[in-house]
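A structural walkthrough
Chain residues, written in single-letter form:
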Amino acid sequence: MKVTVKGAGVAGLTLAFELVERGAEVAVVERRERIAGNASWQAGGMLAPWCERESAEETVLTSGRIAADWWDAALPGHVERRGTLVLAPSRDTAEFDRFAARTTGHRLLDRDGVAALEPDLTGRFGRGLFFAGEAHLDPRRALRTLTERLAAAGVRFAFGYGAVRSPGVPDFVADCTGMAAKHPALRSVRGEMLLLRTRDVSLSRPVRLLHPRFPVYVVPRADGLFMVGATMIESDATGPVTARSAMELLNAAYTLHPAFAEAEIVEAGVGLRPAFPDNLPRVKRKGNHIAINGLYRHGFLLAPAMARQAADLMLGHDSNKEPVHEAHH
């Protein structure tokens, strides 16, 4: 079976991998000149289904549970299984209690427990929630490596202007182009992030800092880098990070640890995340066309489950996984 996948973000690449694993011949076409710059490139890379349940439907938890194992199998050595630490400043204890009540899979930590997990945060927070079953990866490293693995497996890539045209006549065409798909029900949720570099802070896992208006996560990466994100602004503006957002993100990092005040700002990025009205993704089929879209803020978390559903539809199998959303037209 021949499949053309449109879009080389996390949805398109995970689908291509799933199809190749099942014996399909795959071509990936992408308008951009390279694997960079899309919403997936700006992601935090947190595989955190229990944390996400705080503001998402139960199906995000059930479908997201496979993510860490899927990525581990696809890219051995990329997944860090060190859990997620959730904290709140003392003034935001109500937010902490609300988050704890709305989630499962966590263990309540006292001040000493927080310090034992993250020694650099000793004495800074009186309570924490530790989600031991969660994981994270570096999205940019994952996207690059997955592309290399696919190319080595025979997947043909076409980048650049005009590349969205399918080479040859495929059996299926899969649209994984996010906002570029121009689906009438999609809206754009702008996410802004900062990359900071400092040698004065060490974290072993993602830390979510709660706030009633602007919760922020800080994700450690290699070489002293920390990804600080991300805003959720209902906007399709593609311009640079705003001063307001930059101040909010930097203030959150400083609240987590004052040493971030001396960190270098390596990058400020913006990604437009496609979302349907209910913030849940869809796999849709119409004839020999499949579409995966609406991953919202759950790209790396839900892409594996969506890829499996889409591959099942193309290959005529029933998915054994609980679907997030599936529609036939």
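Residues numbered from 1 in each chain as written. Predicted model: local features only at pLDDT ≥ 70, side-chain atom pairs only at ≥ 80, totals over all residues. Heavy atoms only, no water.

Take the overall build of the chain next. Check the secondary structure of the chain and you find 9 helices and 18 strands. Computed over the C-alpha atoms, the radius of gyration of the chain is 20 Å, within 12% of the 20 Å expected from 2.2 N^0.38 for a compact globule of 329 residues. Expressed as lengths along the three principal axes of its C-alpha atoms, the size of the chain is roughly 60 × 35 × 35 Å. Within the chain, buried positions represent 56% of all 329 residues. Taking all contacts inside the chain whose residues are at least 6 apart in sequence as the whole, residues at least 24 apart take part in 76%. Of the roughly 14400 Å² that the chain leaves accessible, carbon and sulfur atoms contribute 49%. (Helix = DSSP H or I, 4+ residues; strand = E, 2+ residues; numbered from the N terminus. Rg over C-alpha atoms; globule rule 2.2 N^0.38 Å. Buried < 20%, exposed > 50% of the residue type's maximum accessible area, 1.4 Å probe, protein only. Contact = heavy atoms within 4.5 Å. Areas by Shrake-Rupley, 256 points an atom, 1.4 Å probe, with all protein chains shown as cover.)

Okay, the environment of His 78 next. Position of His 78 among the secondary structure elements: in the loop between helix H4 (67-74) and strand E4 (84-87). Overall, His 78 belongs to the buried group, its relative accessible area being 7%. Separated by 18 residues in the primary sequence, His 78 and Phe 96 place their C-alpha atoms 30 Å from one another. Apart from the residues lying within four places of it in its own chain, the contact partners of His 78 are His 136, Leu 137, Arg 141, Ala 142 and Thr 145.

Turning next to helix H1 (residues 10-21). Here H1 contains 12 residues, and its C-alpha end-to-end distance of 16 Å stays within 8% of the 16 Å for a straight helix at 1.5 Å per residue. Among the residues of H1, Val 10, Ala 11, Gly 12, Leu 13, Thr 14, Leu 15, Ala 16, Phe 17, Glu 18, Leu 19 and Val 20 are the ones counted as buried. At the C-terminal side of H1, Gly 23 shows a positive phi close to 95 degrees. (Expected span 1.5 Å × (residues − 1).)

Further remarks concern unusual backbone geometry. Going from Gly 229 to Ala 230, the amide bond is cis rather than trans, its omega being -10 degrees. Mapped onto the elements, Ala 230 comes out in the loop between strand E13 (225-229) and strand E14 (233-234). The phi dihedral of Asn 279 falls on the positive side, at around 65 degrees, and the residue is not glycine. With respect to the helices, strands and loops of the structure, Asn 279 is situated in the loop between strand E15 (264-275) and strand E16 (282-286).

This paragraph deals with helix H7 (residues 139-152). Between its first and last C-alpha, H7 extends 20 Å over 14 residues, near the 20 Å set by a 1.5 Å rise per residue. Restricting attention to buried positions, one finds in H7 the residues Pro 139, Arg 140, Ala 142, Leu 143, Leu 146, Thr 147 and Leu 150. Down the axis of H7, the smallest arc covering the buried residues is 165 degrees, so these residues share one side. The outward face of H7, more than 90 degrees from its buried face, is lined by the exposed residues Glu 148 and Ala 152. The inward-facing, buried residues of H7 contact H1, H4, strand E8 (156-159), strand E10 (187-197), E15 and helix H9 (299-315). Capping the start of H7 is the job of one residue whose side-chain oxygen sits 3.1 Å from the backbone nitrogen of Arg 140: Asp 138. The positive-phi residue at the C-terminal boundary of H7 is Gly 154, with phi of around 100 degrees. (Arc of directions from axis to C-beta. Polar contact = N/O pair within 3.5 Å; in protein donor to acceptor, adjacent residues only side chain to side chain.)

H9 packs onto H1 with a crossing angle of 45 degrees between their chain directions and a minimal axis gap of 8 Å. Looking at the two axes, H1 sits oblique to H9. Relative to H9, the crossing made by H1 is right-handed. Counting all contacts with H1, which are made through Val 10, Ala 11, Thr 14, Leu 15, Glu 18 and Leu 19, the residues of H9 involved are Gly 299, Phe 300, Ala 303, Ala 307, Arg 308, Ala 310, Ala 311 and Met 314. A breakdown of the residues in the contact of H1 with H9 according to their chemical character gives 10 nonpolar, 2 polar and 2 charged. (Axes fitted to C-alpha atoms, helices over the stretch in contact; angles between N-to-C directions. Parallel < 35°, antiparallel > 145°, perpendicular 65-115°, else oblique. Left-handed = near helix turned anticlockwise from the far one by under 90°. Nonpolar A, V, L, I, M, F, W, Y, C, P; charged D, E, K, R; others polar.)

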